Amino acid sequence: MFPETLRAARLMDHVRCLAREIGPRPSTSPQERQAADYVKRTLRSLDVANIWEQRFQSQNSLGWATIPYLLAGALAAPLAWAGGRAGRLLGGLLLLAGAFGLHRFSLGRPPFFQRLIATGPSQNVIARFPPAGEAQRHLYLIGHLDTNKQRFLAPLPWPGLVRPLNTASLVLAALGGLTLLLDALLNHRRRATWQWLPGAIPLSFLPALFFDEAQPHVDGANDNASAVAVLLTVAEALQRQPLQNTEVTLLFTGCEEVICVGIEEYLQKYAPPRENSYWIDLEMVGTGNLCFVTRHGINHFSHYTPDPEMVALAARAAGKHPQLNVIGKEMLILEEVANLRHHGYKAICLAGFGDDGYLANWHRLSDNLDNIEPETLERAARYTWALMQEVDRIANKNE
Ligand SMILES: [Zn+2]
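The residue count restarts for each chain, going from 1 along the sequence in the order it is written. With pLDDT at 70 or above as the cut-off, local features in this predicted model cover only qualifying residues; side-chain atom pairs require 80 or more to be listed or tallied, and sums for whole chains, interfaces and linings still use all residues. Excluding hydrogens and water, the side-chain figures rest on all heavy atoms present in the structure.

Novice: Account for the coordination of the zinc ion, naming residues and giving values.
Specialist: Water is not part of the atom set, so a site may look incomplete; the donors themselves are N, O and S atoms within 2.8 Å of the metal, or 3.2 Å for Na, K and Ca. Donor atoms from the polypeptide that bind the zinc ion are His144 (NE2), Asp223 (OD), Glu283 (OE) and Glu283 (OE), placed at 2.0 to 2.8 Å. When the donor residues of the zinc ion are listed from N- to C-terminus, their spacing reads H-x78-D-x59-E. With a gap of 139 residues between them, histidine 144 in strand 3 (residues 137–144) and glutamate 283 in strand 5 (residues 277–283) connect regions that are remote in the sequence. Each member of the pair histidine 144 and glutamate 283 is classed as buried. Going along the chain from the N terminus, every DSSP run of H or I of four or more residues is numbered as a helix, and every run of E of two or more is numbered as a strand. The classification of residues rests on relative accessible area computed with a 1.4 Å probe and restricted to protein chains. Under 20% of the type maximum is buried, over 50% is exposed, and intermediate values are partly exposed.

And the structure:
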């Protein structure tokens, strides 16, 4: 029923090569490049004809996209207190800009100062598989090549607190910014004590952020060697058994961990048509239970949802293969579907989750080969294949 290449042993070989032999693959690093080379070598050994690489520049750490906003927020309170009317005006603007920037960050958007921080080389590896018959639609599968640092803020040790805390911080910063602006415009001299708070929050986060920045990179066996492994075994399956009417593109993205740089670069350069194109992003599918994500986001203002047609297809694939045990589920996650949905594409994310309902070993050193479950990985590969078949069966509009 499922192609023979979608087997646990084969998948584990790829995860071992990426997460143990290459090891941590920081965004823009030589190891990320080695992972890209490994993918290209593997695809060439399968005689895949259409493989290419897209090079681009990116920042090398997540902190570049968050710390400037927090610094802006932290500066607001002292400015407002000491700087008179102009200080309150500037403080208010800084707080609002910080809140707005962090809001955009939590939607996966690049910071407006991206060009200044994108100083390292990275790459996407792209491989295309024509269908057996006439191409009527296009399906993209995405797995990112890079790995993040261990981060105790993302997620917090108590992941249930992430959304409420992020939401409260944004609300406070926005309210603080607005009231400071109003005070400046109406020339109020009295300042409420609570107006310290919006500045105090980023100030208290900054040491923790710098602490995270100093952490080692994780092996990324689950995040996201698991996805790359699935894509490589799917490539092998497609070489023997192409889809009927669906052209497939495998997209191995660079620099996802520093806020989805690779996918944005791909969309900007190639601008694939929105009509008849379908996207599946795989995230951390090597441990625990499996789901297609029905709602994503890391605060209450930045949730995003998959394409409803993709959700229906995903549910159908899960229903046809109950032994694969895949459910639809809301997740605490921020990944490339955010960018794809923002640009109007039909996209969905497949993810793994632990018994607590959250991504397993997410941004922790425990994300290593020892904690990968071959059986989960095999189910993920088979479910991906089942969903690809559902996409291939979508009725052609011309018929
Ligand atoms: Zn990831």
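That was the structure; now back to the text.
Novice: Which residues make up the nonpolar core, and what values go with them?
Specialist: By nonpolar core we mean a set of buried residues, namely Ala, Val, Leu, Ile, Met, Phe, Trp, Tyr and Cys, connected to one another through side-chain atoms within 4.5 Å. Residues Phe252 and Tyr383 are the most contacted members of the largest nonpolar core, which totals 65 residues. A per-element tally of this core places helix 8 (residues 221–240) first, with 12 residues. The criterion used for residue contact is that any of the two residues' heavy atoms lie within 4.5 Å. Aside from chain neighbours lying at most four places away, what touches phenylalanine 252 is Val39, Leu43, Gln123, Asn124, Val125, Gly143, Leu145, Val228, Leu231 and Leu232. By size, the runner-up hydrophobic cluster in this structure holds 34 residues, among which are Leu156, Tyr266, Trp279 and Met331.

Novice: Can you tell me about helix 4 (residues 84–105), naming the residues and giving the values?
Specialist: Here a helix's expected span is defined as the number of its residues, less one, multiplied by 1.5 Å. Between the first and last C-alpha of helix 4 there are 31 Å, a value that for 22 residues agrees with the 32 Å anticipated at 1.5 Å per step. Looking only at helix 4, the buried set comprises Gly87, Arg88, Gly91, Gly92, Leu95, Gly98, Ala99, Gly101 and Phe105. Elements in contact with the buried residues of helix 4: helix 3 (67–82), helix 6 (162–186) and helix 7 (197–213).

Novice: Break down the packing of aromatic side chains for me, with residues and values.
Specialist: Centres within 6.5 Å are what make two rings of Phe, Tyr or Trp a pair, Trp counting through its six-membered ring; a difference in plane orientation under 30 degrees is then read as stacked, over 60 as edge-to-face, and the rest as tilted. Per the counting criterion, the structure on display carries 9 aromatic pairs. Between tyrosine 266 and tyrosine 270, the ring centres sit 4.8 Å apart and the planes meet at 40°, which makes this aromatic pair tilted. Highlighted residues: tyrosine 266 and tyrosine 270, both in helix 9 (residues 261–270), separated by 4 residues, approximately one helical turn. Among the residues examined, tyrosine 270 registers a relative accessible area of 28% and is labelled partly exposed. Site record: aromatic cluster; members linked through ring pairs are Trp52, Tyr140, Tyr266, Tyr270, Trp279 and Tyr345. Placement of a charge over a ring requires the Lys NZ or Arg CZ to be within 6 Å of the ring centre, with the centre-to-atom vector within 35 degrees of the ring normal. Over the face of the ring belonging to tyrosine 345 we find arginine 274, whose NZ or CZ atom lies 5.0 Å from the ring centre. The ring centre of phenylalanine 353 lies 5.1 Å from the NZ or CZ of lysine 329, which sits over that ring.

Novice: Lay out the sheet that holds strand 1 (residues 50–58) in plain terms, naming residues and giving numbers.
Specialist: Spatial strand order, 1-2-4-3-5-8-6-7: 8 strands in an open sheet with mixed pairing. In this open sheet, the two edge strands, each paired with only one partner strand, are strand 1 and strand 7 (326–330). Direction aside, neighbouring strands of the sheet carry axes that sit 25° apart on average. A pair of strands is treated as paired once DSSP finds two or more bridges between them. With 4 bridges joining them, strand 6 (residues 289–295) and strand 8 (residues 346–353) adopt antiparallel strand pairing. Paired with asparagine 289 across the strands is phenylalanine 353, a residue of strand 8. Lines are fitted to the C-alpha atoms to define the axes, a helix being fitted only along its stretch in contact, and any angle between axes, read from their N-to-C directions, falls within 0 to 180 degrees. Those strands touched by helix 2 (residues 30–45) are strand 1, strand 2 (120–129) and strand 4 (246–253), and its axis lies near 20° from that of strand 2. Sheet strands touched by helix 8: strand 2, strand 3, strand 4 and strand 5. Its angle to strand 3, the strand with the most contacts, is close to 145°.

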